[in-house]
Each structure stands twice: as structure tokens, then as C-alpha cells.
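Now for the letters of each chain:
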Amino acid sequence: MSFRLCALNELEENRGRGFRSPVGEVIVVLRDGQVYAWQNACPHLGINLEFNPDEFMDCENHYLLCSNHGALFQVEDGRCVVGPCQGESLLPVAIRVESGEILLIES
Ligand code: FES
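From a predicted model like this one, the values you see are computed outputs, not experimental measurements. (Residues numbered from 1 in each chain as written. Predicted model: local features only at pLDDT ≥ 70, side-chain atom pairs only at ≥ 80, totals over all residues. Heavy atoms only, no water.)

Engineer: Looking at this structure, how should I read the sheet that holds strand β4 (residues 34-39)?
Structural biologist: Strands pair in a sheet through their backbones, by hydrogen bonds, and they do so in one of two ways: parallel or antiparallel. Pairing in this open sheet of 3 strands is antiparallel, and the strands run β2-β3-β4 from one edge to the other. The open sheet has two edge strands with one neighbour each: β2 (16-21) and β4. Neighbouring strand axes in the sheet, compared pairwise and without regard to direction, differ in orientation by 30° on average. The pairing of β2 with strand β3 (residues 24-31) spans 6 bridges and is classified as antiparallel. When the bridges of β3 are listed, G18 appears paired with I27. (Pairing = 2+ DSSP bridges. Helix = DSSP H or I, 4+ residues; strand = E, 2+ residues; numbered from the N terminus. Axes fitted to C-alpha atoms, helices over the stretch in contact; angles between N-to-C directions.)

Laid out in C-alpha cells, this is it:
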């Protein structure tokens, strides 16, 4: 089973977008042509990272940011590099890109 999140061309490079899905809230980031998807839940409190819709990145659009605590997460592996959950990681969400569509894979 798969669930359509959006078209690939709806994503801007290095800008996160949030989606509701059958597996919960998901963050998707396009970087260097690769799509990364993470559960929108901080590893230490389990709450959403953003305050405002689709505002997931730090000011340089390099790291995913917890708006509550300033924690920074690497886009590529979800690992927290600064903040109260340093060393922990966002949980990955399985996706695939097919015919220009980003599909979430439900197990
Ligand atoms: S909720 Fe965990 S760093 Fe903010």
C-alpha cells in the first residue's frame, strides 16, 4: 500500500514540507535531488518540530530545527547534532518516487 504525499516538483530544495499521512505527520525534504522523509516527532518529547506550517529548517536551510528548543537535525540521517536529544535520531519514513510522485510506503 502506498499513500501519495505530493508531486516531486512541488518541493523546493532544502525546504521542509509537512504532511498528514496514515502513519502520522511526516516531514519531507528535497536535497540535491534526493528526497528524505522523517516522522514529525522529536525523539525526546515526541512533539512536532515546527511552530508554523512548513517551517522546519534553520535560518540557513541546512538543518531541520525544533522550534521549541533549537535542536538541529541532519536532513540526510535525521540525527540530532545540537540540542536536548543530541545523538538521537528522527524516525525514518519509507517513501519512493514514482512517475514524479512522492509515495509513502505503508507496511
Ligand atoms: S521537542 Fe525535542 S528538541 Fe524540541
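Engineer: What am I meant to see in the pattern of salt bridges here?
Structural biologist: Proximity of charged atoms lets side chains of opposite charge pair with each other. Counting across every chain of the model gives 6 salt bridges. With its nearest N and O atoms 3.6 Å apart, the salt bridge here joins E10 to R17. Residue E10 is classed as partly exposed on the basis of its relative accessible area of 39%. Note on R17: relative accessible area 25%, which makes it partly exposed. Two residues, R96 and E98, come together in a salt bridge whose shortest N-O distance is 2.6 Å. Given a relative accessible area of 36%, R96 falls into the partly exposed group. Several salt bridges share partner residues, and in doing so they unite R4, E10, R17 and E101 into one network. (Salt bridge = Lys/Arg side-chain N within 4 Å of Asp/Glu carboxyl O. Buried < 20%, exposed > 50% of the residue type's maximum accessible area, 1.4 Å probe, protein only.)

Engineer: Whenever I open this one, the environment of C59 confuses me. Can you help?
Structural biologist: Here C59 is to be found in the loop between β4 and β5 (63-65). Sequence-wise, C59 and L72 are 13 residues apart; in three dimensions their C-alpha atoms are separated by 11 Å.

Engineer: It is not clear to me how the pairing of β3 should be interpreted in this structure. Could you clarify?
Structural biologist: A regular strand carries its side chains on alternate faces of the sheet. Of all the 8 residues making up β3, 6 are buried; the element is thus mostly covered by neighbouring parts of the structure. Where β2 hands over to β3, the hairpin turn is made up of 2 residues, counted between the paired strands. Between the antiparallel neighbours β3 and β4 lie 2 residues, among them D32 with a positive phi of about 50°.

Engineer: Explain the environment of G83 here, please?
Structural biologist: For G83, the position within the fold is in the loop between β7 (80-82) and β8 (95-98). Sequence-wise, G83 and N40 are 43 residues apart; in three dimensions their C-alpha atoms are separated by 16 Å.

Engineer: Would you explain the side chain of E50 in this entry?
Structural biologist: In this fold, E50 is placed in the loop between β4 and β5. Despite its burial, E50 pairs with no opposite charge; the closest candidate is R20, at 7.5 Å N-O. Among the polar contacts made by the side chain of E50, one reaches the side chain of N40 at a distance of 2.9 Å. (Lys, Arg positive; Asp, Glu negative; His and termini not counted. Polar contact = N/O pair within 3.5 Å; in protein donor to acceptor, adjacent residues only side chain to side chain.)

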